[in-house]
Structures are given as C-alpha cells and as structure tokens.
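Examining the three-dimensional arrangement
Each chain, written out:
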Amino acid sequence: MTTGNPISPTASTALSSQSLQEQREFLRHRLLDGATGGEVVQAFSDFMDGLLMARFREVIQQGNAETRASWQQCCLVAMGGYGRRELAPYSDIDVMVLTRGNQAELAQAISQGVFHRLWDLGFQVGHSVRTIAECLEIGETDLPACTSLMESRFLGGNAAVFQEFQRKFDRRILKRRAKQFVLDKIEERQREYAKFGGTIFLLEPNIKKGKGGLRDVHLIQWVGQARFGAGTIQELSNQGILALQDYQVLQEAQEFLWRLRGFLHFEAKRAQDILTFDDQVRLAEIYELSDLPNLLAVEQFMQQYFRHTTGLHDRCLRFLEQAEEQSWVDRIRQWWPTSLLEGTFLIEGSRLTIPPEKLLGVLESPVLLLRIFELSHERALTIDSQVLNELSQHLATVPNELFHTEEVSLLFRGILRRPGRIGQTLEAMHQAGLLEKLVPAFARVRGLMQFNQYHKYTVDEHSLLAVKEAERLQDNQGITGEVYRKIEDKDILHLALLLHDLGKGRPGDHCKIGQELAHLTADRLGLSHQEREVLAFLVFHHLVMSHTAFRRDLNDQKIILTFGRKMKTVGILQKMFILTVADISAVGPEVMTKWKESLLGELYSRTYEALAEGQSSNAKGSEQGILKPAARKSLLGEMAKKVGEDFQPDADWTSWVDRQLSQLPDWYLTSTPIEEMAAHLLAMRNVSSMPTHVEGRFNQELGVSEYVLITQTQAKPGLFMQVTGVLAAFGLEVLNAQIMTVGDGIVLDIFSVNDTDCEGSPSEFRFQEVAQEIQSVVQEEYSVEQVFERRRRLTFGRQFPSGRRPTEVLIDNEVSDSFTVIDVFADDKSGLLFLLGKTLVQLDLSIHMARIGTRLDQVVDVFYVTTSSGEKIQDAAHCKDIQLTIQKSVDAFLNEGS
C-alpha cells in the first residue's frame, strides 16, 4: 500500500487549486488500486492538517508583535467529521480557533490568512473563533454545536488551551448533561430517518444520513462518548461494551460506506452522498460484478449494500437500548421477584424478553420461537434487540424443516389473521431470520433491489410494506376500509401480499413463478385445497386488476363481465381489490393517487354488482341515455337559470335536450353533476354562434384537473392530437380522455390531467390560460408546434442508466365489441401522446377513448379506436400495418436528440 502524500505539507503555502486537485487525484487512484476507505479519509484529513497548520504558523510569524504574543493564548481545532479524521475528498471543513479570553486581533488575522485561503481553494469552510467560556455556553444550548465540540481534535497552537477546554467540557457538559444529550441525539436521528426515507431499503439511498448510513455509526460513537467515555467503535469494543462480533459488523459496514462515499465524491467532484442508479451501475463495474442470468450486477452490488446497512442499523438500535440509562424505579424493580409469562417470557416495560436461563429452551423449540412473536403481536410489545440477535445467530444454523409442523403453522396464521401489528411483527421475524424458515422463498429476495424507477424499495421491504398498507385500511372509512373489514380469512390476503413478488430475481414470469411458490408455501403451512388455490390465484393474477382499471374502459360492460368471470366469487374479488390497493401503495410515497384509487374502486363496485346480482341484471336496458324524470326536470331548471329568468323551454327545446341525452353514454349521465351537464348542453346548443367552447375545472374527489372541449368535428380532424399537444406544452400529464360525438357532428371531449406545476387545485388563471390555448389551436389561430415553441420547458429528469426499453404495440379486437384497442408501451418523453395522436390521424383512425398509465419505467398509452367510418379494424394485414407504423413513429421520436 502506498504511504505518505505526494505533496509535502510543509510546502503548503505554495499550494494552489491545481496541487489540491493533484492530491485528490492521487487518492482517487489509491482507492481504485484497492486502498481502504478509511485510509483515504485519514490521508486526506492528514493532508488538510498539514495545509492548515502551515498557514496557521505562517500567519503567526507574519503577524505584528501583538499577534505573535497572543498565539500562546489560542489553538487551532478540527471539528465534526474532520475532527474524527474522516474527511471525505470533497466534504466541508469545520475548524475553530479556540482562545483564552478575547483575542480579536488574532482572530482577524487567522480568519484572513487561513480561512480565506481555504475558500480560495474551493472549500466550504465552517469556521468560528470562540473562547473556552463561549464553547461551554453554546455546548449547553446548541445540540449540533455540542456534538461538534465533543468531536474536536487539536491541530496546533498552545495545547494547554485545548486541554483546559476538554477538561471543562467533559466536567460541565458531558458528565452533567449526558442523559439529555443522548435523548436529544436519538430524537434528532429519528427526524433524519423520516427526512431521508424512513427505511434502509430505498433504491437511491443517502449513504450518510439515511437509515443504516454512516450517521448510525456516528450516533453510536456520540452516545458511547457521552455514556461510557468511549468515542469510537474500537474503544467501545476494547472496553467490552460492544461485542466483538458486533464491532466486526460495524467496522465492515463503516469501511464499505467510506469507500462508496469516496467513489461518489471523486466521480461528482463535489460532496455527493446519494447513491444514484447511475452510480450503482458504475460501482458494480468497479467491484467487478457481472450480470447473472436472472440477477444484474447492479442488483448484486445493492444486495451487498443492504446487507451492510441492515447489519449496521440493527447494531445501532441494539447499542442504543444497551446505553439507555435506567430510572431509579427500574433499578429497584430489578430486585423485585418477577413472574414469567407462560413460564418462559418476561415483560420489561414495553419490551418482551427471555431470561438467560430460559433462552436455550426457546431456541430449541420452534413453537416457542413463534410464540414470542405472537405475544409481541398480541400485546403490542417490542422484542428485546439482544434477544433478536440471539435468535438471528441461532436460526442461521437451523434447517427449515423443523418449522414445517401444524402447530407452528397455526401460530403463524394466527399472526397473519389479526390486524394491528402484523407488519411490525413480520419485520421483526424477517430481522431475526425466522420469516424465511416459514416462507423459504423470502430468503432469496432479502435486499433484492428492483432496478427501475417505478419501485422505490427492495422486494422484501416492498412486500412487508404491502402488508402494512393493507392493515392501515382497518380504520379507513372509505370503500377500501369497508371491503377490508368484510374479509374474514385475512391470513390468506396477508400471505398473498407477502408472496406476490417473490418470483422476482428468477428466470421467467415472476407471476407464474410466484404461483408455484404459493403452492409450495400453502403445502408447507397445511392450507386446505380451497385456500391453496385462492392463494395461488391471488399471487398469479396480482397485476390483473390494476391493468384492467388503468388501461381499459370501465364503462364497457364486456370488460366488467370478463373481469368478473376471472374473479369468480365476491370473496376473491374483495381480496384482489385490497391486494391491488396495498401493492400499489407500497411501491413508494404518493404512488397511490385519488385517481387510481377511484378507478380501482369503480372496477370493484361494478364487478361486485355483476357477481352479486348476476350478469343479466347488469345488461344495458332500453332506458340507456334517458335521465329519470326528477333529474331531467332539475336539468331543465338549471338550464333555464343559466339562460335567464325569461327563458321558457318549448317542445322543440325539450325534445332537443332529450335527443342529446339519448346519444350520451350512461357513465356521463350518472357521473356528471346537473349543473355541469346543463352548461355542456347550452354550449352544444350555441355551437353555431360559439363554435368552440373550452372550460377547465378541478375534480376535488379525484384530485385531477379536467378540461372540457365542445365543438363541431367538420373540417377539424385530429382534435385529440391538437388538445393533447397543448396540454403537453403546458407540462400537463394526461390520464384519461373521453371523446363523445352526439347529433349534428358535435363533439364533447373530457380530458383528465395531472397538473404537476400545481399543488392541489390550480388557480383560475391557470385554467383560463390552458383553455384559451386549446381554443386558439382548435380554431386554427396557430399550430400546436407554435405552442410548443413558445412554451418550451426545461427537462429536469435524467435518463435511467439501463437505457432505452423496446417499444411495444399491441392490437386487441377481443376486449371490446365496438372498438379496436391499441396498447403502446414506450419510454416516456414530453410530446409522446401528441405524436401518437398525430400518427393515428395519419392512419385515418378515430379515437374514442384514451387512457395513459405506466409499466415500470415505460408509459402505457391505450387507445380505443375505429376506422373513420366507425368500424373495428378486423383485417389482420391492416392491423399489422398500424402496429408497425406506430412503432416506427415512436422509435424515431424517442431517438431524436439521442
């Protein structure tokens, strides 16, 4: 290993930005050549020590007589990460000039001579000049400052000043305020967990401040210093406070993260702590990992990352429990005779533990091992972290077969059956390695990332979160909560959520593999034949409901009946509904929107009616398009109100209204408020004098904006293309488009969009601005291309490192009796929907409905189309030509500028 630095610290006065970069480049090569992360951060810290001290001595020597005399009353101190000798290549530097009494002249000279020099070299410098008294005062009131002072390290100057500060700080701050300091640091860390993702298993984690990151090591060291006077994990191990095995896990994790952080800093040439997808691909190459048939190199690399961070975080939690000071009541309680729970377990406050003399008996009994988790679940108790550690070490050596008994299965199903703390209990079982004894397939997905931008968590974390999301519905007052509470065999639902993605990381369709794993799991747990088949069905078809809800026309009764036949029973439908909601909710924050939930709820409700009442009662009857008399009367009254008091609807007027209503679809008549329907009908009535009517509104219930266009189709081909072009120019994300043509060539289009520029409801000005642009383009005052040019937007996204995915175009003539359905799977790009609309116009196809969704990292644009004469496209050759034309157009569009 190379030792020393290529640049002598004594020559630091001649250092320039170039020489600093040479030092960083030297360390980068050392890291690539196999140097440890610890060696790199310590070498850079030493380099900066030399630079700072050379400048410090030079300032003193060049100063006036007062400056030279006063240096004996001060010293230079490294603080924070620099104080720990853990300075990453582009990290901020935290330095303090510590003085006895007020040394204003000296402080000014050092600030200009030392700190300004660092700024000139591009460092972010946190600096201060403080007296000992000021340090003690701020240490009592400012937690970050107190922490930084605790990590201070003497660099140069009068050592006696630093030693005096340390003695006073230790006596006044650490010894007197240790307990409060520990509590404050733990609370501060909890806030960081929440801010940086709340889980270890984020796919683009912050390796410093995220859960399981370097900050967990820092927390152990801060608490160790305050509680035990041991400020490093090495010292804690030497004093026997940390077990040797725990020290080794922490040391390996710290080294792994130090090394990663070095690579991130060197690549970015700045402080960078986010492990992005691009970084992961690059680091997998540096670590010389290769793609396996069913596991990418980057996924193998991230499994290593999650193994280290999980071990680190588990040890951190265990150490914090160990360091917790007992109250006098707890100390007295230790001497009281204790009664064991079920003769084996012990409750200590809010924790469930096992007395040492009972531990071996529990470890040797699969039933007792399950029972401690069931008690934790029933009584809302946390299992002691030391116990979890003992279980984890023991279970690693125990064969799975010991847990395949009827009694163990009943205990496990009991946990799965009772909502409340199922998710937390399963997490603890996973941490201990017990879950994979009951469901062996779970071991394979531990820390398995899903290398796409759709999922935010690893497979195991996503599966556990899905169970938690289902449990949360117990108190939900909407339709999802109502359905969840009705499900009697919740253990099957929760087990399906655990299993639904376990087929990932294996060759083949993960749904099909999951079905096989479900059968194996059902056999291991002794499920009945019916339970076995329901479990396997849910796992195999877990994507069907979302695909149907998000990609198909739910107003088409054929879709509902086909989906209902697949579900077979109300019980399966209920489980599938909750499974789908929980699965999507567990993908990542805010993935489950009001819009998606409403579509799933609509599909559930319509299918429930079909299953509960029979298909025949749901067939369209002769009253299609006719409002009930009371609703019709309200509609005419609302129209009269909008026109004016003198309005008297005659027979011709009312027959016109009835004629329009008869041509509008059921979903429109049943879901559109009377006031809005009246406005639409009046706009249709006045289309001769006002040929284009556009209005915008916010649908509070669905959480989406809606734009309504009413115009005549004559001489206006490609309305869909024009409107979606304008919406794309404004950065609006189209979710759904309904195109309705009524009498006299009048068209009524409703576009549901997500306005990402606005949080909640957009302003009235926003609606008017978009509506005006749509109207101008439809009336051919200017083109869509001109709107795009005028409202060109910056693109803030980044290309996913896996590169382009193949474009796929599917044409289906079976799903609908009236329309040909075209599914387009393609990488997303602003203007794609406009291009597709333009291509369909060029193919002389009429769009009747469009729906836009996602499939992992691609968008799914779905179109219900006919020929210009209103017919389905039945000719196979014509379908093939459409398919190839769309695919060619999309690929050419996506390749532009690449």
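Predicted model, so just to flag it, every value in this text is computed and none were measured.

Some words on the overall build of the protein
When helices and strands are tallied, the protein shows 39 helices and 15 strands. Put simply, the protein has 898 residues, and 55% of those count as buried. Summarising the internal contacts of the protein: among those between residues at least 6 apart in sequence, 70% fall at separations of at least 24. Of the roughly 39,600 Å² of accessible surface on the protein, 49% is carried by carbon and sulfur atoms.

With respect to the sheet that holds strand β6 (residues 351-353)
Taken in spatial order, the three strands line up as β5-β6-β7 in an open sheet, and their pairing is mixed. With partners counted over all chains shown, the strands left at the sheet margins are β5 (346-348) and β7 (382-383), one partner each. Taken together, the three bridges between β5 and β6 define a ladder with antiparallel strand orientation. Counterpart to glutamate 348 in the pairing with β6 is arginine 351.

Some points on the confidence of the model for the protein
Per-residue confidence for the protein gives a mean pLDDT of 85; residues scoring 70 or more make up 89%. A low-confidence stretch, residues 1-14 stays under pLDDT 50, and its non-local contacts, those more than four residues away or across chains, total 26 contacts. Within the model, the stretch residues 794-798 combines pLDDT values under 50 with five contacts to residues more than four positions away or in other chains.

Let's talk about the nonpolar core
With 109 residues, the main nonpolar core has Leu370, Phe373, Phe412, Leu426 and Met429 as its most contacted residues. Residue contacts for phenylalanine 373: discarding those within four places in its chain leaves Ile383, Leu388, Leu391, Ile415, Thr425, Ala428, Met429, Ala432 and Leu434.

Section: the pattern of salt bridges
Overall, the coordinates contain 46 salt bridges when judged by the stated rule. Here lysine 185 makes a salt bridge to glutamate 188, at a shortest N to O gap of 2.5 Å. Pair noted here: lysine 185 and glutamate 188 are both in helix α8 (residues 159-195), with a separation of three residues, about one helical turn. By relative accessible area, which is 3% here, lysine 185 ends up buried.

Focus: the packing of helix α27 (residues 544-551) against helix α28 (residues 557-567)
Relative orientation and spacing of two packed helices are given, respectively, by the angle between their axes and the distance between those axes. At a minimum axis distance of 12 Å, the contact between α27 and α28 shows a crossing angle of 175°. By the angle between their axes, α27 is roughly antiparallel relative to α28. Contacts from Val544, Met545 and Thr548 in α27 reach Ile559, Phe563 and Lys566 in α28. Here the contact of α27 with α28 is built from residues that sort into four nonpolar, one polar and one charged.

Let's talk about the sheet that holds strand β1 (residues 74-79)
Judged by pairing direction, the sheet is mixed, and its four strands sit side by side in the order β3-β2-β1-β4 without closing on themselves. Of all the strands in the sheet, the pair left with one neighbour each is β3 (125-131) and β4 (153-157). This sheet shows a mean twist of 25° between the axes of neighbouring strands, independent of strand direction. As defined by bridge partners, strand β2 (residues 93-99) adjoins β3 across seven bridges and the pair is classed as parallel. Paired with valine 95 across the bridge in β3 is histidine 127. The strands touched by helix α5 (residues 104-120) are β1, β2 and β3; relative to β3, the strand with the most contacts, the crossing angle is about 165°. Packed onto the sheet, helix α6 (residues 132-141) meets β2 and β3 and runs at close to 115° relative to β3.

A closer look at the pairing of strand β9 (residues 704-712)
In terms of residue burial, β9 counts as a mostly covered element, since eight of its nine residues are buried. In this sheet, β9 lies alongside strand β8 (residues 692-699) in antiparallel orientation, the contact comprising eight bridges. Residue pairing in the sheet places histidine 693 in a bridge with isoleucine 710 of β9. Connecting the antiparallel pair β8 and β9 is a turn made up of four residues, with glycine 703 showing a positive phi of about 70°. In this sheet, strand β11 (residues 746-755) lies alongside β9 in antiparallel orientation, the contact comprising eight bridges.

Some remarks on the environment of aspartate 314
Looking at the element boundaries, aspartate 314 is found in helix α13 (residues 297-323). In the structure, aspartate 314 is positioned 75 residues away from asparagine 389 in sequence and 8.6 Å away in space, judged by C-alpha atoms.

Let's talk about the environment of alanine 35
Checked against the element boundaries, alanine 35 lands in the loop between α1 (17-32) and α2 (37-62). For the pair alanine 35 and arginine 259, spaced 224 residues apart in sequence, the C-alpha separation works out to 8.7 Å. When near neighbours in sequence (up to four residues on either side) are disregarded, alanine 35 contacts Arg30, Val40 and Arg259.

A closer look at the environment of arginine 506
Structurally, the position occupied by arginine 506 is in the loop between α24 (490-499) and α25 (510-525). Judged by relative accessible area, which is 24%, arginine 506 ranks as partly exposed. Separated by 62 residues in sequence, arginine 506 and arginine 444 have C-alpha atoms that sit 9.4 Å apart. The contact partners of arginine 506, leaving out residues within four places of it in the chain, are Asn294, Ala441, Arg444, Ile513 and Leu517.

Quick look at helix α38 (residues 832-842)
With eight of 11 residues buried, α38 is to be regarded as a mostly interior element. When α38 is considered as a whole, its buried residues turn out to be Leu832, Leu833, Phe834, Leu835, Leu836, Gly837, Thr839 and Leu840. A positive backbone phi angle near 60° is found at aspartate 844, which sits one or two residues after α38.

So, α25
Over its 16 residues, α25 extends 22 Å from the first C-alpha to the last, a length consistent with the 22 Å expected when each residue adds 1.5 Å. Within α25, the full set of buried residues consists of His510, Cys511, Ile513, Gly514, Gln515, Leu517, Ala518, His519, Thr521, Ala522 and Leu525. Where α25 is buried, its residues touch α18 (406-417), α21 (441-444), α24 and α26 (529-540). At the N-terminal boundary of α25, the capping side chain belongs to aspartate 509, with an oxygen 3.0 Å from the backbone nitrogen of cysteine 511. Immediately downstream of α25, the backbone of glycine 526 shows phi near 70°, a positive value.

Remarks on the packing of aromatic side chains
For the coordinates displayed, the defined rule picks out 17 aromatic pairs. Between the aromatic rings of phenylalanine 162 and phenylalanine 165, the centroid separation amounts to 6.1 Å while the plane-to-plane angle is 45°, which identifies the pairing as tilted. With phenylalanine 162 and phenylalanine 165 both in helix α8 and three residues apart, the pair spans about one turn of that helix. The exposure class assigned to phenylalanine 162 is buried, which follows from its relative accessible area of 6%. On the basis of an interplanar angle of 55° and a centroid distance of 5.5 Å, the ring pair of tyrosine 287 and phenylalanine 301 is categorised as tilted. Residue tyrosine 287 is found in the loop between α12 (277-286) and α13, and its partner phenylalanine 301 is found in helix α13; the two are separated by 14 residues along the sequence. Ring-pair connections join several aromatic residues into one group, and the members of that group are Phe256, Tyr287, Phe301, Tyr305 and Phe306. Seen from the ring of tyrosine 193, lysine 211 lies directly overhead, with NZ or CZ sitting 5.1 Å from the centre. Here the basic side chain of arginine 685 rests over the ring of tryptophan 656, its NZ or CZ set 5.1 Å away from the ring centre.

Digging into the packing of helix α31 (residues 629-643) against helix α34 (residues 674-685)
One way to put it is that α31 packs onto α34 with a least axis distance of 9 Å and a crossing angle of 60°. The angle between α31 and α34 falls in the class oblique. By crossing handedness, the relation of α31 to α34 is classed as right-handed. Contact residues: Ala631, Ser634, Leu635, Glu638, Met639, Lys642 and Val643 in α31; Ile674, Glu675, Met677, Ala678, Ala679, Leu681 and Leu682 in α34. Grouping the amino acids of the contact of α31 with α34 by side-chain chemistry returns 10 nonpolar, one polar and three charged.

Details of the state of the cysteines
Summed over all chains, the structure comprises zero disulfides. Here cysteine 74 is not disulfide-linked; the sulfur of cysteine 75 is the nearest cysteine sulfur, at 6.8 Å. Cysteine 74 gets classed as buried once you look at its relative accessible area, which sits at 0%.

Parameters at a glance
- Residues numbered from 1 in each chain as written.
- Predicted model: local features only at pLDDT ≥ 70, side-chain atom pairs only at ≥ 80, totals over all residues.
- Heavy atoms only, no water.
- Helix = DSSP H or I, 4+ residues; strand = E, 2+ residues; numbered from the N terminus.
- Buried < 20%, exposed > 50% of the residue type's maximum accessible area, 1.4 Å probe, protein only.
- Contact = heavy atoms within 4.5 Å.
- Areas by Shrake-Rupley, 256 points an atom, 1.4 Å probe, with all protein chains shown as cover.
- Pairing = 2+ DSSP bridges.
- pLDDT = per-residue confidence, 0-100.
- Core = buried A, V, L, I, M, F, W, Y, C linked by side-chain atoms within 4.5 Å.
- Salt bridge = Lys/Arg side-chain N within 4 Å of Asp/Glu carboxyl O.
- Axes fitted to C-alpha atoms, helices over the stretch in contact; angles between N-to-C directions.
- Parallel < 35°, antiparallel > 145°, perpendicular 65-115°, else oblique.
- Nonpolar A, V, L, I, M, F, W, Y, C, P; charged D, E, K, R; others polar.
- Expected span 1.5 Å × (residues − 1).
- Polar contact = N/O pair within 3.5 Å; in protein donor to acceptor, adjacent residues only side chain to side chain.
- Phe/Tyr/Trp six-rings, centres within 6.5 Å; stacked < 30°, edge-to-face > 60°.
- Lys NZ or Arg CZ within 6 Å of the ring centre and 35° of its normal.
- Left-handed = near helix turned anticlockwise from the far one by under 90°.
- Disulfide = S-S within 2.5 Å.

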